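Structure assessment
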Amino acid sequence: MKSSTDTKIAPSILAADLGRLAEELAAVTEAGADSIHIDVMDGWFVPNLSMGPGMVETVKKYVSLPLGVHLMILDPIRYVEAFRDAGADLLIIHPEATNAFHRSLQHIREMGMTAGAALNPATGPEVLEYCLPELDVILVMTVNPGFSGQSFLASMLPKIRTVRERVDRSPYQIDIEVDGGVDVATAPEVIKAGADILVCGSGIFHHPPYEEVIPRIRSG
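Described below are features of the structure shown in this document.

What counts and what doesn't
Residues numbered from 1 in each chain as written. Predicted model: local features only at pLDDT ≥ 70, side-chain atom pairs only at ≥ 80, totals over all residues. Heavy atoms only, no water. Helix = DSSP H or I, 4+ residues; strand = E, 2+ residues; numbered from the N terminus. Rg over C-alpha atoms; globule rule 2.2 N^0.38 Å. Buried < 20%, exposed > 50% of the residue type's maximum accessible area, 1.4 Å probe, protein only. Contact = heavy atoms within 4.5 Å. Areas by Shrake-Rupley, 256 points an atom, 1.4 Å probe, with all protein chains shown as cover. Lys, Arg positive; Asp, Glu negative; His and termini not counted. Charge placed at Lys NZ, Arg CZ, Asp CG, Glu CD. Core = buried A, V, L, I, M, F, W, Y, C linked by side-chain atoms within 4.5 Å. Phe/Tyr/Trp six-rings, centres within 6.5 Å; stacked < 30°, edge-to-face > 60°. Pairing = 2+ DSSP bridges.

The number of helices and strands found in the protein is 8 helices and 9 strands. The C-alpha atoms of the protein give 16 Å as radius of gyration, which agrees with the globular expectation for 220 residues (17 Å, within 12%). By residue count, 54% of the 220 residues in the protein fall in the buried class. Sequence separation of at least 24 residues holds for 64% of the intrachain contacts in the protein that already meet a minimum separation of 6. With the model as given, the accessible surface of the protein reaches about 9,700 Å², and the carbon-plus-sulfur share is 51%. Seen as two clouds, the 17 positive and the 29 negative side-chain charges of the protein have centres 4 Å apart.

The following block contains the structure:
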(Lines give C-alpha, C1' and ligand atoms only; values in the text may rest on other atoms or scores of the structure.)
Protein backbone atom coordinates (compact mmCIF):
# COMPACT_ATOMS: atom_id res chain seq x y z
CA MET A 1 0.00 0.00 0.00
CA LYS A 2 1.19 3.50 -0.86
CA SER A 3 2.11 5.61 2.17
CA SER A 4 1.63 9.36 2.41
CA THR A 5 5.39 9.82 2.20
CA ASP A 6 5.18 8.54 -1.40
CA THR A 7 2.88 11.42 -2.33
CA LYS A 8 4.32 13.75 -4.95
CA ILE A 9 3.91 17.51 -4.77
CA ALA A 10 3.46 19.68 -7.86
CA PRO A 11 3.50 23.41 -7.04
CA SER A 12 1.25 25.36 -9.41
CA ILE A 13 2.91 28.56 -10.59
CA LEU A 14 -0.49 30.17 -11.19
CA ALA A 15 -0.24 31.22 -7.53
CA ALA A 16 3.46 32.13 -7.58
CA ASP A 17 4.90 35.64 -7.65
CA LEU A 18 5.67 35.77 -11.37
CA GLY A 19 7.81 38.85 -10.86
CA ARG A 20 10.17 36.61 -8.88
CA LEU A 21 9.62 33.45 -10.91
CA ALA A 22 13.22 32.25 -10.93
CA GLU A 23 13.49 32.64 -7.15
CA GLU A 24 10.11 30.99 -6.58
CA LEU A 25 11.05 28.00 -8.72
CA ALA A 26 14.42 27.63 -7.02
CA ALA A 27 12.78 27.79 -3.60
CA VAL A 28 10.15 25.10 -4.24
CA THR A 29 12.76 22.89 -5.90
CA GLU A 30 15.01 23.18 -2.88
CA ALA A 31 12.02 22.50 -0.62
CA GLY A 32 11.39 19.14 -2.28
CA ALA A 33 8.86 19.68 -5.06
CA ASP A 34 8.59 16.71 -7.42
CA SER A 35 7.38 18.58 -10.50
CA ILE A 36 6.06 21.97 -11.58
CA HIS A 37 2.43 22.45 -12.64
CA ILE A 38 1.56 25.03 -15.30
CA ASP A 39 -2.05 26.01 -16.05
CA VAL A 40 -2.88 27.17 -19.57
CA MET A 41 -6.27 28.84 -20.15
CA ASP A 42 -7.69 30.21 -23.38
CA GLY A 43 -10.60 32.35 -22.15
CA TRP A 44 -13.06 30.07 -23.94
CA PHE A 45 -12.98 26.67 -22.28
CA VAL A 46 -12.60 28.48 -18.93
CA PRO A 47 -13.31 32.16 -18.19
CA ASN A 48 -9.71 33.23 -17.79
CA LEU A 49 -6.49 33.65 -19.76
CA SER A 50 -3.09 32.43 -18.62
CA MET A 51 0.30 31.42 -19.89
CA GLY A 52 1.23 29.44 -22.99
CA PRO A 53 4.20 27.68 -24.57
CA GLY A 54 6.39 30.72 -23.87
CA MET A 55 5.86 30.36 -20.13
CA VAL A 56 6.67 26.65 -20.30
CA GLU A 57 9.89 27.48 -22.13
CA THR A 58 10.76 30.07 -19.47
CA VAL A 59 10.12 27.69 -16.58
CA LYS A 60 12.23 25.04 -18.31
CA LYS A 61 15.21 27.40 -18.17
CA TYR A 62 15.08 27.56 -14.38
CA VAL A 63 14.26 24.02 -13.26
CA SER A 64 15.24 20.46 -14.08
CA LEU A 65 12.03 19.09 -12.55
CA PRO A 66 9.38 17.57 -14.84
CA LEU A 67 6.84 20.08 -16.14
CA GLY A 68 3.16 19.13 -16.10
CA VAL A 69 0.98 21.35 -18.28
CA HIS A 70 -2.78 21.45 -17.75
CA LEU A 71 -4.44 22.59 -20.98
CA MET A 72 -7.78 24.23 -20.21
CA ILE A 73 -8.20 25.08 -23.88
CA LEU A 74 -10.40 24.11 -26.79
CA ASP A 75 -9.08 21.72 -29.45
CA PRO A 76 -5.83 21.01 -27.60
CA ILE A 77 -4.44 18.72 -30.32
CA ARG A 78 -3.48 21.87 -32.26
CA TYR A 79 -0.89 22.80 -29.64
CA VAL A 80 0.65 19.47 -28.64
CA GLU A 81 3.83 19.95 -30.63
CA ALA A 82 4.25 23.55 -29.47
CA PHE A 83 4.15 22.52 -25.83
CA ARG A 84 6.42 19.56 -26.50
CA ASP A 85 8.94 21.88 -28.11
CA ALA A 86 8.65 24.29 -25.18
CA GLY A 87 9.66 21.55 -22.74
CA ALA A 88 6.46 20.01 -21.36
CA ASP A 89 6.82 16.48 -20.01
CA LEU A 90 3.12 15.86 -19.26
CA LEU A 91 0.10 17.29 -21.07
CA ILE A 92 -3.30 17.08 -19.41
CA ILE A 93 -6.44 17.73 -21.49
CA HIS A 94 -10.19 17.76 -20.89
CA PRO A 95 -12.55 15.35 -22.67
CA GLU A 96 -15.11 18.15 -23.14
CA ALA A 97 -12.57 20.32 -24.97
CA THR A 98 -12.27 18.21 -28.11
CA ASN A 99 -14.15 15.90 -30.43
CA ALA A 100 -10.94 13.89 -30.80
CA PHE A 101 -10.15 13.11 -27.19
CA HIS A 102 -8.76 9.60 -27.70
CA ARG A 103 -6.72 10.68 -30.71
CA SER A 104 -5.38 13.68 -28.79
CA LEU A 105 -4.12 11.42 -25.99
CA GLN A 106 -2.44 9.19 -28.55
CA HIS A 107 -0.82 12.20 -30.21
CA ILE A 108 0.56 13.46 -26.90
CA ARG A 109 2.28 10.13 -26.36
CA GLU A 110 3.48 10.00 -29.96
CA MET A 111 5.19 13.32 -29.34
CA GLY A 112 7.14 11.76 -26.46
CA MET A 113 5.18 13.16 -23.52
CA THR A 114 3.00 11.49 -20.92
CA ALA A 115 -0.74 12.01 -21.32
CA GLY A 116 -3.32 13.04 -18.77
CA ALA A 117 -7.07 13.60 -18.60
CA ALA A 118 -8.74 16.14 -16.33
CA LEU A 119 -12.15 15.61 -14.75
CA ASN A 120 -14.09 18.76 -13.90
CA PRO A 121 -16.34 18.54 -10.81
CA ALA A 122 -19.41 17.78 -12.95
CA THR A 123 -17.61 15.22 -15.15
CA GLY A 124 -17.93 11.57 -14.16
CA PRO A 125 -15.00 9.17 -14.36
CA GLU A 126 -16.89 6.84 -16.70
CA VAL A 127 -16.00 9.17 -19.60
CA LEU A 128 -12.45 7.80 -19.39
CA GLU A 129 -13.36 4.11 -19.43
CA TYR A 130 -12.25 3.44 -22.99
CA CYS A 131 -9.23 5.74 -22.81
CA LEU A 132 -7.44 4.14 -19.87
CA PRO A 133 -4.82 2.45 -22.12
CA GLU A 134 -3.79 5.89 -23.39
CA LEU A 135 -3.52 7.55 -19.96
CA ASP A 136 -0.61 8.10 -17.61
CA VAL A 137 -2.39 10.55 -15.27
CA ILE A 138 -5.98 11.27 -14.27
CA LEU A 139 -6.42 14.73 -12.77
CA VAL A 140 -9.45 15.12 -10.50
CA MET A 141 -10.39 18.78 -10.17
CA THR A 142 -11.59 19.69 -6.69
CA VAL A 143 -12.59 23.19 -7.77
CA ASN A 144 -14.16 24.44 -10.98
CA PRO A 145 -11.16 25.30 -13.13
CA GLY A 146 -10.25 28.81 -14.15
CA PHE A 147 -9.04 30.67 -11.07
CA SER A 148 -6.48 30.13 -8.33
CA GLY A 149 -7.35 30.30 -4.65
CA GLN A 150 -10.79 28.63 -4.69
CA SER A 151 -12.07 26.57 -1.78
CA PHE A 152 -11.70 22.80 -1.87
CA LEU A 153 -14.87 20.90 -2.81
CA ALA A 154 -15.09 18.08 -0.28
CA SER A 155 -17.89 16.55 -2.37
CA MET A 156 -15.17 15.45 -4.81
CA LEU A 157 -13.58 13.03 -2.32
CA PRO A 158 -15.87 10.14 -3.34
CA LYS A 159 -14.88 10.75 -6.98
CA ILE A 160 -11.19 10.48 -6.08
CA ARG A 161 -11.92 7.18 -4.35
CA THR A 162 -13.90 5.93 -7.36
CA VAL A 163 -11.11 6.83 -9.77
CA ARG A 164 -8.58 5.15 -7.49
CA GLU A 165 -10.65 1.96 -7.42
CA ARG A 166 -11.12 1.91 -11.20
CA VAL A 167 -7.40 2.39 -11.81
CA ASP A 168 -6.47 -0.27 -9.26
CA ARG A 169 -8.81 -2.75 -10.96
CA SER A 170 -7.28 -2.03 -14.34
CA PRO A 171 -4.00 -3.44 -15.70
CA TYR A 172 -2.65 0.08 -16.26
CA GLN A 173 -0.21 2.19 -14.29
CA ILE A 174 -1.99 5.54 -13.95
CA ASP A 175 -1.27 8.21 -11.35
CA ILE A 176 -4.16 10.00 -9.67
CA GLU A 177 -3.55 13.73 -9.42
CA VAL A 178 -5.75 16.19 -7.52
CA ASP A 179 -5.91 19.94 -8.05
CA GLY A 180 -7.95 22.63 -6.37
CA GLY A 181 -7.84 23.99 -2.84
CA VAL A 182 -5.24 21.44 -1.74
CA ASP A 183 -3.31 22.64 1.28
CA VAL A 184 -2.14 21.52 4.71
CA ALA A 185 -5.75 21.22 5.93
CA THR A 186 -7.22 19.31 2.96
CA ALA A 187 -4.23 17.16 1.92
CA PRO A 188 -4.83 14.38 4.49
CA GLU A 189 -8.29 13.54 3.11
CA VAL A 190 -7.07 13.79 -0.48
CA ILE A 191 -4.20 11.40 0.20
CA LYS A 192 -6.49 9.05 2.11
CA ALA A 193 -8.88 9.02 -0.87
CA GLY A 194 -6.09 7.73 -3.09
CA ALA A 195 -4.21 10.64 -4.68
CA ASP A 196 -0.65 10.08 -5.86
CA ILE A 197 0.13 13.68 -6.85
CA LEU A 198 -1.09 16.87 -5.18
CA VAL A 199 -1.16 20.08 -7.18
CA CYS A 200 -0.85 22.99 -4.78
CA GLY A 201 -0.94 26.66 -5.71
CA SER A 202 -2.00 29.01 -2.95
CA GLY A 203 -1.48 26.22 -0.44
CA ILE A 204 2.26 26.50 -1.07
CA PHE A 205 3.03 29.92 -2.52
CA HIS A 206 0.87 31.85 -0.06
CA HIS A 207 2.25 29.96 2.96
CA PRO A 208 6.03 30.21 3.08
CA PRO A 209 8.53 29.02 4.09
CA TYR A 210 8.23 26.38 1.39
CA GLU A 211 10.69 24.03 3.07
CA GLU A 212 8.16 23.70 5.89
CA VAL A 213 4.84 23.70 4.06
CA ILE A 214 5.74 21.19 1.31
CA PRO A 215 6.75 18.41 3.74
CA ARG A 216 3.64 19.13 5.83
CA ILE A 217 1.38 18.76 2.78
CA ARG A 218 3.20 15.64 1.64
CA SER A 219 2.91 13.92 5.01
CA GLY A 220 -0.82 14.50 5.17
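It is worth spelling out the nonpolar core at this point. By size, the foremost hydrophobic cluster in this structure holds 61 residues, and its most contacted members are I36, I138 and L198. Discounting chain neighbours no more than four positions away, the residues touching I36 are P11, I13, L25, V28, V59, V63, L65, P66, L67 and G68. Core analysis: the next-biggest nonpolar cluster, separate from the first, contains 7 residues, L90, I92, A118 and V143 among them.

We now examine the packing of aromatic side chains. Within this structure, the stated rule accounts for 1 aromatic pair. Consider the rings of F205 and Y210, whose centres lie 5.5 Å apart with planes at 80°: the pair is edge-to-face. Note on accessibility: F205 and Y210 belong to one class, buried.

Quick look at unusual backbone geometry now. Peptide bonds are, in most cases, trans, and in most cases residues other than glycine have a negative phi. Omega for the peptide link from P208 to P209 comes to 5°, which places this bond in the cis form. Among the secondary structure elements, P209 is positioned in the loop between helix 7 (202–205) and helix 8 (210–219). In this model, M51 sits at a positive phi of 55°, which is unusual for a non-glycine residue. For M51, the location among the structural elements is in the loop between strand 3 (49–50) and helix 2 (53–62).

Residues of strand 9 (residues 197–200) alternate between two faces, with I197 and V199 on one and L198 and C200 on the opposite face, all of them buried. Pairing of strand 1 (residues 8–11) with strand 9, which is carried by 4 bridges, proceeds in the parallel orientation. The residue of strand 9 that forms the bridge with A10 is V199. Pairing analysis gives 3 bridges linking strand 8 (residues 175–179) to strand 9, with the strands arranged parallel. Across the sheet, the residue bridging to D179 is V199, located in strand 9.

Taken by themselves, the reported measurements are silent on function.
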